[in-house]
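Observations on chain architecture
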Amino acid sequence: MKILGIETSCDETAAAIVEDGKKIISNVVASSLPLHAETGGVIPETAAREQVRSIIPVIAEATKDTEIDSISAVAVSYGPGLIGSLLVGVETAKSLSLAWQKPLIPINHLVGHFYSAFLQGSTEPAFPILALIVSGGHTELVLAADHGKFHYLGGTRDDAAGEAFDKVARLLDLGYPGGPAIQKAAEKGDRQAIDFPRPLLDSKDYDFSFSGLKTAAKREVEKTKVSTQDFAASFQEAIVDVLMSKSKKAFKEFKATSFLLGGGVAANAQLRNRAKKIFGEKLFVSDPKLSIDNAAMIASAAYFNFKPLPCLSVKADPALLI
Ligand code: KG4
Ligand code: ZN
């Protein structure tokens, strides 16, 4: 079964066709990222305007080699995200669903990130799955008992991990998005150069907090004598330590069978290496390019959670929870 996925929750405009939840037939992503690089973050109005401009060409490109008749459904990410951006994808998906007379499946963007690890993989993760979804707006630990059965264990109380990367990269003048820039700078750095705090490391819950770490980084930048490389490596290490320590604890407590990493921050090499060390064969994570926002993950999520809704009842929901 082929599903067309559409994703416009932040600065990407993406469309993809995926067969049976796994096989990527096409995967097109247009990003307005260069427009945000100068300001060091996404400007919602600029992102939405770009999405209005590129949504039709992106869908045309994604569907160019596929008979529309062979597409079984349209899936769209309807939240969480920026309202103006979400509206572009949701309203376009509704129009296509009506015009083509195909079922419309609304997908939670965070659930979409979960399914990135099902794409192109030779083996599917077995349930129960402990998932760490880490992106620019979210840091969530979730236990999945089965497809569609997600149980929230904890999440960030303030900034998301990706947001911390982005803000600290700005402090270091490394540009936007911050995650890849910090990763690159950290490659030759000393992880022990600065002993950054590990917020909530020993708390009894599965919550995270990254705003204190950001404040500590700000203080360090003002007084530090270490190189940018050492700074980036030490900061990245603190984030990886906290994320992996809580994941390890939850994996044990909930007797999970697989550990899944999803979201833009899952593209981070140091995080992936550490997860591999801890979880070995039980780790499931997509290629870095499928960890960041894309529409293939939305189409995959729709295949495994095939729950169409009446077209006109589907609405963008910027504050949707997992
Ligand atoms: O999932 P995503 O593409 O968009 C959201 O749903 O937010 O995640 C974007 C976030 C940004 O904060 C970006 O800095 C971070 O993912 N990111 C990374 C890396 N690549 C992207 N963070 C750390 N290391 C990376 N290699
Ligand atoms: Zn995302």
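Below is a short write-up of the structure. (Residues numbered from 1 in each chain as written. Chains lettered and ligands numbered in written order. Predicted model: local features only at pLDDT ≥ 70, side-chain atom pairs only at ≥ 80, totals over all residues. Heavy atoms only, no water.)

In this structure the tally under the stated criterion is 20 salt bridges. The partner of Arg53 in a salt bridge is Glu50, with the nearest N and O atoms 2.9 Å apart. Separated by 3 residues within a single helix, Arg53 and Glu50 lie in helix α2 (residues 44-63), roughly one turn from each other. On the basis of relative accessibility, which here comes to 23%, the residue Glu50 falls in the partly exposed class. We note a salt bridge from Lys289 to Asp287, for which the minimum N-O separation is 3.4 Å. We classify Asp287 as partly exposed; its relative accessible area is 38%. (Salt bridge = Lys/Arg side-chain N within 4 Å of Asp/Glu carboxyl O. Helix = DSSP H or I, 4+ residues; strand = E, 2+ residues; numbered from the N terminus. Buried < 20%, exposed > 50% of the residue type's maximum accessible area, 1.4 Å probe, protein only.)

As summarised here, the arrangement of the 5 strands in space is β3-β2-β1-β4-β5, forming an open sheet in which the pairing is mixed. Each having just a single partner strand, β3 (23-31) and β5 (104-108) make up the two edges of the open sheet. Mean inter-strand twist for the sheet, computed between neighbouring axes without regard to direction, equals 20°. The sheet contacts of helix α3 (residues 83-100) involve β1 (2-7), β4 (71-79) and β5, and relative to β4 the element is tilted by about 155°. (Pairing = 2+ DSSP bridges. Axes fitted to C-alpha atoms, helices over the stretch in contact; angles between N-to-C directions. Contact = heavy atoms within 4.5 Å.)

Ideal geometry at a metal centre: 109.5 degrees between donors when four sit tetrahedrally, and 90 or 180 degrees when six sit octahedrally. Only His109 (NE2), His113 (NE2) and Asp293 (OD) from the protein reach the zinc ion (ligand 2) as donors, at distances of 2.0 to 2.1 Å. Residue His113 is classed as buried on the basis of its relative accessible area, which comes to 0%. Using a relative accessible area of 14% as the deciding quantity, one classes Asp293 as buried. (Donors = N, O, S within 2.8 Å, 3.2 Å for Na, K, Ca; no water.)

Near ligand 1 lie 20 residues; those nearest to it are Gly136, Asp166, Gly179, Gln183 and Asn268. A distance of 3.2 Å separates an oxygen atom of ligand 1 from a polar atom in the backbone of Gly162. Across the complex, the protein chains shield 89% of the 550 Å² of accessible surface that ligand 1 would expose by itself. Secondary-structure elements contributing two or more residues to the shell around ligand 1 are α4 (109-115), α5 (161-171) and α6 (178-186). Taken together, the residues of the shell around ligand 1 sort by class into 6 nonpolar, 12 polar and 2 charged. (Near = heavy atom within 4 Å. Polar contact = N/O pair within 3.5 Å; in protein donor to acceptor, adjacent residues only side chain to side chain. Areas by Shrake-Rupley, 256 points an atom, 1.4 Å probe, with all protein chains shown as cover. Nonpolar A, V, L, I, M, F, W, Y, C, P; charged D, E, K, R; others polar.)

As a packed pair, α2 and α3 sit with axes 8 Å apart at the nearest point and diverge in direction by 30°. In terms of axis orientation, α2 runs roughly parallel to α3. Taken as a pair, α2 and α3 cross one another with a handedness that is right-handed. Contact with α2, carried on its side by Ala47, Ala48, Gln51, Val52, Ile55, Ile56 and Ile59, involves Gly84, Ser85, Val88, Thr92 and Leu96 of α3 and no other residues of that element. Its residues placed into classes, the contact of α2 with α3 shows 8 nonpolar, 4 polar and no charged. (Parallel < 35°, antiparallel > 145°, perpendicular 65-115°, else oblique. Left-handed = near helix turned anticlockwise from the far one by under 90°.)

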